[in-house]
Amino acid sequence: MELDAKTMETLAWLSRLDIPQEEEAPLSASIAEMLSFFQQLSALDTAGVEPTAHIAPLENVLREDEPFSPRLDRDLLLSGTESEDGLITLPKVIG
Amino acid sequence: MKYSEMDIAALSALLQKREVSARELAADALSAIAETDGTIGAYLTVAEEEAYRQADAADEMLKSGTAGALTGIPFAMKDNICTKGVRTTCASKMLGNWLPVYDACVTEQLKKAGAVMLGKTNMDEFAMGSSSENSALGVTRNPAAPDYVPGGSSGGSAAAVAANECAFAIGSDTGGSIRQPASFCGVVGMKPTYGTVSRYGLVAYASSFDQIGPLTKTVADNAKVLEAISCHDRRDSTSLPQYDTNYSALIGKDLSGMRIGMPKEYFGEGIHPQVAELVKNAAKQLEQAGAVIEECSLPAVSYALPAYYVLCCAEASSNLARFDGIRYGFRAEGIEDLDQLYRKTRTQGFGREVRRRILLGNYVLSAGYYDAYYKKAQQARTLLIRAFAELFAKYDLLLTPVAPTPAYKIGEKSNDPMEMALGDICTVPVNLGGLPAISVPCGKIAQDGAELPVGFQLIGPAFSEAKIYQAAAAYEKSGIAAR
Amino acid sequence: MAKYESVIGLEVHIELRTKTKIFCDCPADHGGDPNTRCCPVCMGMPGTLPVLNKRVVEFAARAGMMLNCEIAHFSKMDRKNYFYPDLPKAYQISQLDHPLCEHGYIDINVNGEEKRIGITRIHIEEDAGKLVHTDGGSGADCNRCGVPLIEIVSEPDIRTAAQAKAYLERLRELIRWVGVSDCQMETGSMRCDVNLSIRPVGDTNLYTRTEIKNLNSLKHIAAAIDAEKARQIDETEAGRALVQETRRYDPEKDKTYSMRVKENANDYRYFPDPDLVPIILTDEDHARFRAMIPDLPEERLAKYVNELKLPEATAKSLCDEPALANLYSAAAEQVQQPKLLANLMLADADAVQIPAEIWAELTNLCAANKINRSAPAKLLEAYRESGKDIPALVQELGLEQVQDTGLLNSIADEVIAANPKAVADYKAGKEAAIKALMGQVMKRTKGAANPQEATALLKEKLAKL
């Protein structure tokens, strides 16, 4: 199967990735290869088969509406983050 | 025998008898790392200060008589598991020198047990890969043969154990990332039942598959480590309520009456003949130890691989979206607008394979394709779960190879993602089923002057860890185990 | 204009008033310095995981029942993937195909005309953070990240701005009434997006619609609806095709403007969140929630007026504050004089902080003349400080009303003897002079005398002089 430039462009945008010139051809080729590999699944008869989203046999894992963990202070939370006056700094351009 | 060559049981005995202190063991391990890791490259970060701090705490526990099986034992942690104040990189430029402000549940559990963390190990970037060659931060070599890959993604953890640079290591397994490197490096690696070990603090790759587990020198050690790290964690909604976690319980019991199936699909085309032969020899050993071995069939494995890749790429595309250059880690220079901030940061911060899987994941989830790919794969997952259930109605465990081949040369496959993917065929079905499975060394293959370790895989139904360890230990005892 | 009608559906986001956030235990209420009400989980730090707050499910189900919805037996959480600086994980945990509530309705009344507005669905999701813009640049504040929201989606049953307004007012009243949110548009705990298309009157098809986002007052919503309807009519009349797009309303110019969002921007790539397991609600759960659903506000008002004989105004001011009304109803069952109870409660600024039993006790003491009308205020103050039970406080503060006429007699005689001037004035016909004597009596009884009795007694004695 083939991937046209438009599809790659959309994909790149949804992924918020650039696709460098030199990578475009090999990348779309290898993605196409993977996708046709995935298509083996279409041969499978899955009529009436429930999709599995969770493998653990669990339901209703709910928390009481109460604090339970120690609070971390802002300086620690923002350590390793660009911040000013307690706000996470964003490039000027955003507004 | 050097401390660094001893297993946990032996070291623990020495510590209990005060013949050595945790601090001395830490010093010994750190010097072993200094000696050999220059060539092996198992570690991304050696946390010397942290190690001595934890060692002193362990010595206190030993004095006060509150010590347990892992108190004072030096270990290595895979670098996708959060360690407060110790950088956690996922072997990615994207996280660079990120210092977590919190400990993963596993990290807490091991601190409680008094184990001593030496450092953080190399891996494929964000656990995406099977050779550790996708690391953005360094090359790890197979201790058995330095020109060969250690496997992946937990390659650093497996290599660290094999090279005697720690007594045990923690890895994570999404599609074989503990078992395959264990096989390549000749150590014991367990991927427990999904939900046994909390994922809180494990940087997510594919959340419905990711599971943390131990890599060790012996089967008994492995059970002990799993006992220490498994718990019910209220911070992880998929963490299982406590069931019997005495994983060592059956070790030493003979195997008479145990039924083990060998799905023939795992021994067919694409499997290196000598790998198949070594695994079949292991089967004979298990038979002599009292198990009943039978050939069986699991046709469902044929679609396990595509189903696995669809689902984990989809989950990864979402899990890795948070790396946007705003809050932590890498941020690209020369940004003119928001779109650029995202795209430049992510393009420069992620390696090729990671970007490829993100693109794939977004494709299968995007409008119009969901049912054909994602939903279909989830249904295939259901069918595979049923197929396993049918087999486990007949057999206690399944015996298979871990990987179709032994370790390959560094650089040999790294440019062929598809061929790399096919290498996961034996391990991936286990993750789709959320099942426990172990990799146990069963011999070596001689190849251009190198001796390449090979392991076999024992797969059990959910919660059958104790039984898996029982069989694995019986095999280990029977003597022809690689080491 | 009558040639066209507009077809309007509303998407309303409401913050649930839980103690903690939806997926972590950070405080969920407004305020606090930037990034002081968040943690690694709601900041989306690598490795963190969500755990669903039980009360969010309960609150959403109660809201659904109040709006006549069917409540799900199976529900699940999904990921809605999109990039924005106020969304730390780059996905919002929400619900796609199994919302908690579906198929409800609200009845509205616009100048005499009854209309039923369908509710398609109500689902739970997490709020995003806030972007703060200063001249210094922009910054992100995660305090609001993970505050629990319900999104209430209406059917396209609304035709006019007036109906939209009526729907939102009724919605607000009912959600406040069921006690899961304060629904304040000013503070953003209630927000509204408008979906609008037009069609020739009589036509039943649906045509290209636009979505108007970020409307923060009823006034703006109504104005935006009229402005967008006018624009769509102009476009159509001019033969220009309408595009499905997101628009914003500018109150200054009273116009809507395209927000020019990129194509594919709405490809949210939803999928089930692997970190959160399914929510299963049994019939027992439904019954438990059902039991928490109050009667309708107008039913309550009628009950207060007709059965408890409260003046309309009094009943209204009780029902304005759902918590107060519920407290009153609870206390009213334990008293003989519901009107006295209402007056005592409305006289207190912070009535909801006092348990129903205490209100009933105070009311009954007053009713039985055991304490006088000024005592409750003092007792409430003391109760708030000490938390001691009322009888003990009555003792302590010596507030029991003097019933002993013997004692009152002697005090009255003393007062008369001690105040010849006032007595003389009274005798001379200055009725008012009796007030001075009353004052003395109250003073000597520390206010414990029953005023009526005391006055009667004085008059009697003075008459005999």
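Here the structure is a predicted model, which is why all the values come from computation and not from measurement.

Asker: Sorry if this is basic, but what is going on with the overall build of chain A here?
Answerer: Across its full length, chain A carries three helices and three strands. Its C-alpha atoms give chain A a radius of gyration of 23 Å, more than 25% over the compact-globule value 12 Å for 95 residues. Expressed as lengths along the three principal axes of its C-alpha atoms, the size of chain A is roughly 55 × 45 × 20 Å. Buried positions account for 43% of the 95 residues belonging to chain A. Both charge centroids of chain A, one from 6 positive and one from 19 negative side chains, sit 12 Å from each other.

Asker: For this particular structure, what's the right way to read the nonpolar core?
Answerer: As a rule of thumb, nonpolar side chains are buried together in soluble globular proteins. A:Phe38, B:Leu110, B:Phe126, B:Phe168 and B:Ile170 are the most contacted members of the largest nonpolar core, which has 205 residues in total. Counting residues per element, this core draws most heavily on helix 9 (residues 304-319) of chain B, which supplies eleven residues. The residues contacting B:Phe126, other than those within four sequence positions of it, are B:Cys90, B:Ser92, B:Met94, B:Leu95, B:Val203, B:Tyr205, B:Leu320, B:Phe323, B:Phe350 and B:Val354. Among the nonpolar cores identified, the runner-up in size contains 103 residues, and C:Leu10, C:Ile106, C:Trp177 and C:Leu276 belong to it.

Asker: Could you clarify how one ought to interpret the packing of aromatic side chains in this entry?
Answerer: The geometry of two aromatic rings is summed up by the distance between their centres and the angle between their planes. Within this structure, the stated rule accounts for 23 aromatic pairs over all chains. Pairing B:Phe75 with B:Phe168 gives two aromatic rings, centres 5.0 Å apart and planes at 10°, and the pair type is stacked. Here B:Phe168 lies in strand 4 (residues 168-173) and B:Phe75 lies in strand 2 (residues 74-78), a separation of 93 residues in the sequence. Residue classification places B:Phe75 among the buried residues on the basis of a relative accessible area of 2%. Through a chain of ring-to-ring contacts, the aromatic side chains of A:Phe37, A:Phe38, B:Tyr363, B:Tyr369 and B:Tyr373 assemble into a single cluster. In this structure, B:Arg234 packs its charged tip against the face of A:Phe68, placed 4.1 Å from the ring centre. We note C:Arg116 situated over the ring of C:Tyr105; from NZ or CZ to the ring centre the distance is 3.6 Å.

Asker: Would you take a moment to explain the environment of C:Pro50 for this structure?
Answerer: Along the chain, C:Pro50 turns up in the loop between strand 1 (4-15) and strand 2 (52-53). Considering only alpha carbons, one finds C:Pro50 and C:Val110, 60 residues apart in sequence, at a separation of 43 Å.

Asker: How should the interface of chain B and chain C be read in this particular structure?
Answerer: By a widely used convention, the size of an interface equals the accessible area lost when the partners come together. In this complex, chain B contributes 38 residues to the contact, which on the side of chain C involves 29 residues. Roughly 2700 Å² is buried in total at the junction of chain B and chain C, and carbon and sulfur atoms are behind 60% of that figure. Among the ionic pairs, B:Arg199 bridges to C:Asp275, the shortest N-O distance being 3.0 Å. Remark: the boundary between chain B and chain C carries 16 residue pairs in polar contact (both at pLDDT 80 or more). Broken down by secondary-structure element, the contributors of at least two residues to the side of chain B that touches chain C are helix 9, helix 10 (338-349), helix 11 (352-365) and helix 12 (371-394) of chain B. The element contributing the most residues to the side of chain B that touches chain C is helix 9 of chain B, with four residues.

Asker: Which parts of the structure should I look at to understand the sheet that holds strand 8 (residues 113-126) of chain C?
Answerer: Picture the strands of a sheet paired through backbone hydrogen bonds; they go either parallel or antiparallel. Residue and element names in this part refer to chain C. Strands sit in the order 3-7-8-11-1-12-13-14-15 across an open sheet of nine strands; the sheet is mixed. For this open sheet the edge positions go to strand 3 (70-71) and strand 15 (255-258), each flanked by a neighbour on one side alone. Sitting on the sheet, helix 2 (residues 161-178) is in contact with strand 1, strand 7 (101-110), strand 8, strand 11 (148-154) and strand 12 (190-200), with an inclination near 115° to strand 7.

Asker: Help me understand the interface of chain A and chain B in this model?
Answerer: Each partner contributes to the interface: chain A provides 52 residues, whereas chain B provides 59 residues. Around 5200 Å² of area is buried between chain A and chain B when both sides are counted, 70% of it from carbon and sulfur atoms. When the buried surface of chain A facing chain B is broken down by residue, A:Leu17, A:Leu41 and A:Ile55 rank first, second and third, together holding 13% of it. Between chain A and chain B we count four salt bridges in total. Note that A:Glu82 is salt-bridged to B:Arg331, the shortest N-O span being 3.7 Å. Applying the counting criterion to the chain A and chain B interface returns 19 residue pairs in polar contact (both at pLDDT 80 or more). Of all elements in the fold, only helix 1 (5-14), helix 2 (21-38) and strand 3 (87-90) of chain A reach the threshold of two or more residues within the side of chain A that touches chain B. The leading source of residues in the side of chain A that touches chain B is helix 2 of chain A, at nine residues.

Asker: I keep staring at the packing of helix 1 (residues 54-66) of chain C against helix 2 of chain C and nothing clicks. Help me out?
Answerer: Packed helices, taken two at a time, are described by the angle between their axes plus the distance between the axes. All names here are of chain C. Packing of helix 1 against helix 2 leaves a shortest axis separation of 9 Å and a crossing angle of 130°. In terms of orientation, helix 1 and helix 2 fall into the oblique class. Crossing hand, helix 1 versus helix 2: right-handed. Residues Arg-62, Ala-63 and Met-66 of helix 1 lie in contact with helix 2, whose contacting residues are Leu-174, Ile-175, Trp-177 and Val-178.

Asker: Is there a simple way to explain the environment of A:Leu14 in this structure?
Answerer: For A:Leu14, the position within the fold is in helix 1. Leaving out residues up to four positions away in the same chain, A:Leu14 has contacts with B:Asn362, B:Ser366, C:Phe83, C:Asn264, C:Asp267 and C:Arg269.

Asker: Explain the confidence of the model for chain A to me, please; I cannot follow it from the model alone.
Answerer: When pLDDT drops low, the exact placement of atoms in the prediction is not to be read closely. When the pLDDT values of chain A are averaged, the result is 90; 96% of them are 70 or greater. At the level of individual helices and strands, chain A shows its lowest average pLDDT in strand 2 (residues 83-84) of chain A, which scores 88, and its highest in strand 1 (residues 62-63) of chain A, which scores 96.

Asker: I tried to follow the pairing of strand 7 (residues 259-263) of chain B on my own but got confused; where do I start?
Answerer: Both faces of the sheet carry side chains from a regular strand, because those side chains alternate between them. All names here are of chain B. Among the five residues of strand 7, four are classified as buried, and the element is accordingly described as predominantly covered. Direction of pairing for strand 7 relative to strand 8 (residues 292-296): parallel, over a ladder of five bridges. Residue Met-262 lies in a different strand from strand 8, and its bridge partner there is Glu-295. Pairing between strand 7 and strand 9 (residues 397-401): two bridges, direction parallel. In the sheet register, Ile-260 faces strand 9, and the bridge partner there is Leu-397.

Reading the values: rules and limits
- Residues numbered from 1 in each chain as written.
- Chains lettered and ligands numbered in written order.
- Predicted model: local features only at pLDDT ≥ 70, side-chain atom pairs only at ≥ 80, totals over all residues.
- Heavy atoms only, no water.
- Helix = DSSP H or I, 4+ residues; strand = E, 2+ residues; numbered from the N terminus.
- Rg over C-alpha atoms; globule rule 2.2 N^0.38 Å.
- Buried < 20%, exposed > 50% of the residue type's maximum accessible area, 1.4 Å probe, protein only.
- Lys, Arg positive; Asp, Glu negative; His and termini not counted.
- Charge placed at Lys NZ, Arg CZ, Asp CG, Glu CD.
- Core = buried A, V, L, I, M, F, W, Y, C linked by side-chain atoms within 4.5 Å.
- Contact = heavy atoms within 4.5 Å.
- Phe/Tyr/Trp six-rings, centres within 6.5 Å; stacked < 30°, edge-to-face > 60°.
- Lys NZ or Arg CZ within 6 Å of the ring centre and 35° of its normal.
- Buried area = accessible area lost by both parts, 1.4 Å probe.
- Salt bridge = Lys/Arg side-chain N within 4 Å of Asp/Glu carboxyl O.
- Polar contact = N/O pair within 3.5 Å; in protein donor to acceptor, adjacent residues only side chain to side chain.
- Pairing = 2+ DSSP bridges.
- Axes fitted to C-alpha atoms, helices over the stretch in contact; angles between N-to-C directions.
- Parallel < 35°, antiparallel > 145°, perpendicular 65-115°, else oblique.
- Left-handed = near helix turned anticlockwise from the far one by under 90°.
- pLDDT = per-residue confidence, 0-100.

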